[in-house]
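Residue-level structural notes
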Amino acid sequence: MLYVLSVLLVTTIFAYTLWLLTRRRSKGNEPPIVPYWIPWLGSGLQYNKSPIEFLRACEKKYGPIFTVLLAGKFFHFVLDPLTHPAIARESQKLNFRVHTIPLVKKIFDINRPDKLVKTSAGLLPRHLQGKGLERLTETVLTKLDDILSDSRYKSPEWTQSGVLKFCFDVLFPASYRTLYGEKQPNKESFDEMQKIIEDFQKFDEFFPSLVRGYPVSKEFQEVRQRFWNRFSTESLMEKRSGVCDLFREMHELYTSRNEPSGRLSRDAVAYLEAAMANTLVAAFWSLYFTLKHPDALSAAKAEIEEIIKSSDKTNNSVCFSREYFSKMPVLDNIIKESLRLGVSPAALREATEDLNIDLVANGKKYKIRKGDKVFAIFQLTHTDPGIYENPMEFKYDRFLSEDTSTEKKFYKNGKLVRFNLQPFGCGLSKCPGRYWAMLEIKQFLFLVLSRLDMELTQPEKQITQLQDRIGFGALQPSSDPSMRFRAKVQVA
Ligand code: HEM
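Residues numbered from 1 in each chain as written. Predicted model: local features only at pLDDT ≥ 70, side-chain atom pairs only at ≥ 80, totals over all residues. Heavy atoms only, no water.

**Regarding the overall build of the protein**
- The helix and strand tally for the protein stands at 19 helices and 16 strands.
- Computed over the C-alpha atoms, the radius of gyration of the protein is 25 Å, within 12% of the 23 Å expected from 2.2 N^0.38 for a compact globule of 492 residues.
- Taken over the C-alpha atoms alone, the protein extends approximately 85 × 55 × 45 Å along its principal axes.
- The buried share of the protein, taken over its 492 residues, is 51%.
- Surface summary for the protein: the accessible area is close to 23,700 Å², and the carbon and sulfur share equals 55%. (Helix = DSSP H or I, 4+ residues; strand = E, 2+ residues; numbered from the N terminus. Rg over C-alpha atoms; globule rule 2.2 N^0.38 Å. Buried < 20%, exposed > 50% of the residue type's maximum accessible area, 1.4 Å probe, protein only. Areas by Shrake-Rupley, 256 points an atom, 1.4 Å probe, with all protein chains shown as cover.)

This is the structure we're talking about:
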């Protein structure tokens, strides 16, 4: 026994020493590698404990570009915001699909054809932007109006809720019905919708671990299957009315291509996650920060009152066209500031061949090896004190420009930062639903603030952002802040 143990120990020490001597080192003009002592895992433990703190500490030690071994892969973190536009432009040598294709297969069971084929044959821009966007925003407004006409939002008595719960109760059904229409002959009741919300939250909870590489669990498969059933082709095309044009056109496309019948339902579930997960949490941060900051709340209310007055409509009218929503600089900027603090997007790319990155911050060239990952986490830009004064503070007027027709500019060390706010990513992988998301949150804030009195019941309570979605989406709150709401007294 002792002999076996001794052989095992000597072999392990020998293998570890061999690994130490041969492990990858930074060569020539490659970015510096953060030292690592554990094979495969690399700096995974420190990174997972607190990604932002870890990266900031590395930046101090190694500069604005450095390499970290995480789960067997070398990631080049680029913290220089002035270099990010070049990363976005380099779509051939720095490909984003390489890592999304296996992820989309694992999570949604969708086979993306090839890393160079465009998503859904250009359907997304057509339906989520331009004329398609017009239809979506009109429908969301009607659905929001319908939901807020329910007796629970008409009572003059205070009702208690969590802010996140409130967002889910109001905005989730509005978006859901806009995308997937209404069940026939009777639309989903409040209780049925609560079950769908519960399932969605369960589904979404698995996301961080699935992205990190954990396998698909039985529980995840079950909840995914329930959504596949809800969104079967038969259900979407025959049993629901008002299903959005995106899914109708997708259905025609898949039928003409003889795609398997489950293809539409798989896409419908993927779009549920894409459309809801970030938007609901971003709407939460926008509403929470507005209620938390009296200056933001009164500026938002003043803007809303002004719009209502100028539109010559009553509070209860929903006849606000998209044009009205483009004239709301305060709400726009509240949302931008909330996205800055509450969302952690990134550009994650894989080098398809050896290439050089020219770092603007120090004028040096860095060599990147084929197969390595290049990672720009925009949250680091969003909270950079060199760009934003007191970056962790919410300031509703941070992005407000004197001249509302122009965007306010931000600088670092005297240089213009073009990618100062990138909640929707960048380049080819930039979110196609970004205009819709912004409008939807604005419509939501507009309607709830104009119809309800709302206040936090423990405004002093600290709510922070959970760290488990850093680099890939909206950051969930550490707890759901409590609030109360009641219907506003209508002035005759
Ligand atoms: C505040 C809300 C939202 C945020 C912060 C957000 C953020 C993002 C980000 C950062 C990406 C890029 C991921 C990457 O680079 O890998 C993305 C992709 C995407 N988003 Fe959004 N999004 C939001 C709302 C929406 C909505 C409402 C839709 C509507 C369907 C949508 C649909 C998509 C789709 C389909 C993709 C994948 C595009 C592709 O793979 O080519 N998003 N989103």
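Back to the write-up after that little detour.
**Here's the deal with the coordination of the iron atom of the ligand**
- Coordination of the iron atom of the ligand by the protein comes from a single atom, Cys431 (SG), at 2.3 Å.
- Within the secondary structure layout, Cys431 lies in the loop between strand S13 (415-416) and helix H19 (434-451). (Donors = N, O, S within 2.8 Å, 3.2 Å for Na, K, Ca; no water.)

**Focus on the packing of aromatic side chains**
- The tally for this structure, following the rule as stated, stands at 39 aromatic pairs.
- Ring centres 6.5 Å apart and planes at 70 degrees place the aromatic pair Phe378 and Phe419 in the edge-to-face group. In this pair, Phe378 is assigned in helix H18 (residues 378-382) and Phe419 in the loop between S13 and H19, connecting sequence segments 41 residues apart. Here the two residues Phe378 and Phe419 agree in accessibility, since each one is buried.
- For the cation-ring pair, Arg230 lies above Phe227, with the distance from its terminal atom to the ring centre recorded as 4.7 Å.
- Between the NZ or CZ atom of Arg340 and the centre of the ring of Tyr388, over which it lies, the distance is 4.9 Å. (Phe/Tyr/Trp six-rings, centres within 6.5 Å; stacked < 30°, edge-to-face > 60°. Lys NZ or Arg CZ within 6 Å of the ring centre and 35° of its normal.)

**Examining the sheet that holds strand S14 (residues 452-456)**
- Strand order across the open sheet formed by three strands is S4-S16-S14, with antiparallel pairing between neighbours. Strands with a single pairing partner mark the edges of an open sheet, and in this sheet they are strand S4 (159-162) and S14. Here the average twist between neighbouring strands, direction ignored, is 30 degrees.
- Of the pairings in the sheet, the one linking S4 to strand S16 (residues 482-487) comprises four bridges and is antiparallel in character. When the sheet's bridge partners are listed, Gly162 is paired in S16 with Ser482.
- Against the sheet, helix H8 (residues 163-180) touches S4, S14 and S16, its axis set at about 95 degrees to S4. (Pairing = 2+ DSSP bridges. Axes fitted to C-alpha atoms, helices over the stretch in contact; angles between N-to-C directions. Contact = heavy atoms within 4.5 Å.)

**What to know about the environment of Ser401**
- Tracing the backbone through its elements, the reader meets Ser401 in the loop between H18 and strand S12 (411-412).
- When the C-alpha atoms of Ser401 and Pro329 are compared, they prove to be 9.0 Å apart, with 72 residues separating the residues in sequence.
- Look past the residues within four positions of Ser401 in its chain and what remains in contact with it is Thr406 and Lys408.

**Concerning the pairing of strand S10 (residues 365-368)**
- Because side chains alternate across S10, one face comprises the buried residues Tyr366 and Ile368, and the other comprises Lys365 and Lys367, none of which is buried.
- Where strand S9 (residues 355-358) folds back on S10, the antiparallel hairpin that results is connected by six residues, among which Gly363 adopts a positive phi of roughly 70 degrees.

**Remarks on the pattern of salt bridges**
- Applying the stated rule across the entire model yields 32 salt bridges.
- The residue Arg152 makes a salt bridge to Asp150 at a minimum N-O spacing of 2.9 Å.
- Judged by its relative accessible area of 30%, Asp150 falls in the partly exposed class. (Salt bridge = Lys/Arg side-chain N within 4 Å of Asp/Glu carboxyl O.)

**Notes on the environment of Val211**
- Along the chain, the position of Val211 falls in helix H10 (residues 207-211).
- Judged by relative accessible area, which is 29%, Val211 ranks as partly exposed.
- The spatial distance from the C-alpha of Val211 to the C-alpha of Lys105 is 12 Å, given a sequence separation of 106 residues.
- Contact partners of Val211, with chain neighbours within four places excluded, come to Leu103 and Phe472.

**Re the pairing of strand S2 (residues 73-78)**
- The element S2 is extensively covered by neighbouring structure, given that five of its six residues are classed as buried.
- Bridge count for strand S1 (residues 65-70) against S2 is six bridges, and the pairing is antiparallel. If you follow Leu69 over to S2, its bridge partner there is Phe74.
- Between S1 and S2, which follow one another and run antiparallel, lie two residues, and Ala71 among them has a positive phi close to 45 degrees.
- Examined bridge by bridge, S2 and strand S11 (residues 373-377) share three bridges and lie parallel to one another. Of the residues in S11, the one forming a bridge with Phe77 is Phe375.

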